[in-house]
Amino acid sequence: QVQLGESGGGLVQAGGSLRLSCAASRRPSGTYTMGWFRQAPGKERELVATVSTGGYTYYAESVKGRFTISRDNARNTVYLQMNSLNPSDTAVYYCAARGGVWRMRPSEYDYWGQGTQVTVSS
């Protein structure tokens, strides 16, 4: 079992930045993908960004050019640098991991963190 723990959420004004971190209790075996989802009130959980063991990244269109995902394999940690935040980015952000390549749907991820709130004020 892999446990994921997020940190770094909070309240920020529009145009500001936040950096989220997610540490895994251990490294899953083989190739694996770590990523971030978010869920706003009344909306479905959506994929924000992923990064594979080899460094391949995926970004949702809504965050391209503003968010950057990175990982430190030695520390089993993934980061999400969020810049130029706007109120539509307000959500609970979840770290997730799965064996193999990235997938779009939350149901295809095996491990989840508890979530961290990001609130962007206008």
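What you are looking at is a predicted structure, and each value in this text was computed from that prediction instead of being measured.

Novice: Can you walk me through the sheet that holds strand β7 (residues 67–72) in this structure?
Specialist: Think of a sheet as strands paired side by side through backbone hydrogen bonds, with each pair either parallel or antiparallel. Strand order in the open sheet formed by four strands is β1-β3-β8-β7, with antiparallel pairing between adjacent strands. The outermost strands of the open sheet, each flanked by one partner alone, are β1 (4–7) and β7. Put simply, the sheet's adjacent strands are angled 15° from each other on average, direction ignored.

Novice: What am I meant to see in the side chain of threonine 77 here?
Specialist: Among the structural elements, threonine 77 can be located in strand β8 (residues 77–82). Separated by 2.8 Å, the side chain of threonine 77 and the backbone oxygen of arginine 75 make a polar contact.

Novice: So what exactly am I meant to see when it comes to unusual backbone geometry here?
Specialist: Trans is the common state for peptide bonds, and a negative phi is the common state for residues other than glycine. Of note, asparagine 76 is a non-glycine position whose phi angle comes to about 50°, a positive value. Locating asparagine 76 in the fold gives a position in the loop between β7 and β8.

Novice: Got a minute to help me understand the side chain of threonine 53 in this structure?
Specialist: Mapped onto the elements of the fold, threonine 53 is located in the loop between β5 (46–52) and β6 (57–59). Only 2.8 Å separates the side chain of threonine 53 from the backbone nitrogen of tyrosine 32, close enough to count as a polar contact.

Novice: Would you take a moment to explain the pattern of salt bridges for this structure?
Specialist: Pairs can form between side chains of opposite charge once their charged atoms are near each other. With the rule as written, the count across this model stands at seven salt bridges. Arginine 103 is the partner of glutamate 108 in a salt bridge, and the nearest nitrogen-oxygen pair spans 3.9 Å. Classification of arginine 103 as partly exposed rests on a relative accessible area of 35%. For the salt bridge of arginine 105 with glutamate 108, the shortest nitrogen-to-oxygen distance reads 3.3 Å. For arginine 105, a relative accessible area of 51% gives the class exposed. Each of Arg38, Glu46, Arg66 and Asp89 takes part in a single network of salt bridges with overlapping partners.

Novice: Would you mind going over the state of the cysteines with me for this structure?
Specialist: Note on terminology: disulfide describes a covalent bond linking the sulfur atoms of two cysteines. On inspection of all chains with the given rule, the structure shows one disulfide. Here cysteine 22 connects covalently by a disulfide to cysteine 95, the sulfurs 2.0 Å from one another. Across the S-S bond linking cysteine 22 and cysteine 95, the dihedral sits near -80°, which makes this disulfide left-handed. Within this pair, whereas cysteine 22 is found in strand β3 (residues 18–24), its partner cysteine 95 is found in strand β9 (residues 91–99), the two being separated by 73 residues in sequence. For the pair formed by cysteine 22 and cysteine 95, the shared burial category is buried.

Procedures and definitions
- Residues numbered from 1 in each chain as written.
- Predicted model: local features only at pLDDT ≥ 70, side-chain atom pairs only at ≥ 80, totals over all residues.
- Heavy atoms only, no water.
- Pairing = 2+ DSSP bridges.
- Helix = DSSP H or I, 4+ residues; strand = E, 2+ residues; numbered from the N terminus.
- Axes fitted to C-alpha atoms, helices over the stretch in contact; angles between N-to-C directions.
- Polar contact = N/O pair within 3.5 Å; in protein donor to acceptor, adjacent residues only side chain to side chain.
- Salt bridge = Lys/Arg side-chain N within 4 Å of Asp/Glu carboxyl O.
- Buried < 20%, exposed > 50% of the residue type's maximum accessible area, 1.4 Å probe, protein only.
- Disulfide = S-S within 2.5 Å.

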